[in-house]
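Close look at the chain arrangement
Now for the letters of each chain:
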Amino acid sequence: MLNRIILIGRLTQDPELRYTQSGTAVASFTLAVDRQRANQAGDRETDFINIVVWQKLGELCAQYLRKGRLAAVEGRLQIRQYENKEGQRVRVAEVVADNVRFLDRGTEGTGGSSGSSSLSPGSGHGSNRSESDRSFSSPRYQDDPFADDGRSIDIVDDDLPF
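Labelled according to an unreviewed UniProt entry, the protein appears under the name Single-stranded DNA-binding protein, originating from Sulfoacidibacillus thermotolerans. Per UniProt, the protein has the following entry under Subunit (unreviewed entry): "Homotetramer."

Time to look at the nonpolar core. Phe29, Leu31, Ile51, Val53, Leu65, Val73 and Val100 are the most contacted members of the largest nonpolar core, which totals 18 residues. Residue assignment for this core shows that the elements contributing at least two residues are β1 (5-11), β3 (25-38), β4 (44-54), α1 (55-64), β5 (70-83) and β6 (89-102). With residues near it in sequence (within four places) discarded, valine 53 still touches Ala25, Val26, Ala27, Phe29, Gly58, Cys61 and Ala97.

Quick look at the pattern of salt bridges now. Under the defined criterion, the tally for this structure stands at 8 salt bridges. Between aspartate 47 and arginine 35 there is a salt bridge, with its nearest N and O atoms 2.7 Å apart. Separated by 12 residues along the polypeptide, aspartate 47 in strand β4 and arginine 35 in strand β3 bring together distant segments of the chain. The class for arginine 35 is partly exposed, based on a relative accessible area of 37%.

With that settled, consider the environment of valine 96. Summarising the element assignment, valine 96 is placed in strand β6. For valine 96, a relative accessible area of 10% corresponds to the buried category. With residues up to four places along the chain from it excluded, the contact list for valine 96 reads Val52, Trp54, Gly75, Arg76 and Gln78.

Within the structure shown, the criterion is met by 1 aromatic pair. A centroid spacing of 6.4 Å and a plane angle of 45° characterise the contact between tyrosine 64 and phenylalanine 102, whose relative ring orientation is tilted. Of this pair, tyrosine 64 sits in helix α1 while phenylalanine 102 sits in strand β6, placing them 38 residues apart in sequence. Exposure class is identical for tyrosine 64 and phenylalanine 102. Each is buried.

Conventions we followed
Residues numbered from 1 in each chain as written. Predicted model: local features only at pLDDT ≥ 70, side-chain atom pairs only at ≥ 80, totals over all residues. Heavy atoms only, no water. UniProt positions renumbered as here; feature names shortened; annotations may be inferred. Core = buried A, V, L, I, M, F, W, Y, C linked by side-chain atoms within 4.5 Å. Buried < 20%, exposed > 50% of the residue type's maximum accessible area, 1.4 Å probe, protein only. Helix = DSSP H or I, 4+ residues; strand = E, 2+ residues; numbered from the N terminus. Contact = heavy atoms within 4.5 Å. Salt bridge = Lys/Arg side-chain N within 4 Å of Asp/Glu carboxyl O. Phe/Tyr/Trp six-rings, centres within 6.5 Å; stacked < 30°, edge-to-face > 60°.

What follows is the structure, given as structure tokens:
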């Protein structure tokens, strides 16, 4: 059996960080994910998917992610039930993330990183190299990344699209 979800979308609001009674951090946010195909009217519909991130990874998401940021989330689908204040049974579907990757650049004032970074349990919070630290800083690279000009190029993990 397999329960694995991979999503790429934009946050609909800043993550909400809470702590359980035992002190465990839990962040939650909603990811807006466009569907692959357009509907009959020609519009692409969007799904709004609840994401839950636990422990240090949740704290890092709350620190670095903001509304509108593009992120990839990898985790498992969880269906849970609870009884609301009116006594009605509510069923909730959410993704429990075990890996989060920031896919666009945050702005300096919002605590965003200067580049994309990957977050997963035990990984710290990824690399946050500045543009001047990157191996690909020449204008030639920006124009044609596959040009063979005889120079050897050191590939930095932050520059890979996967």
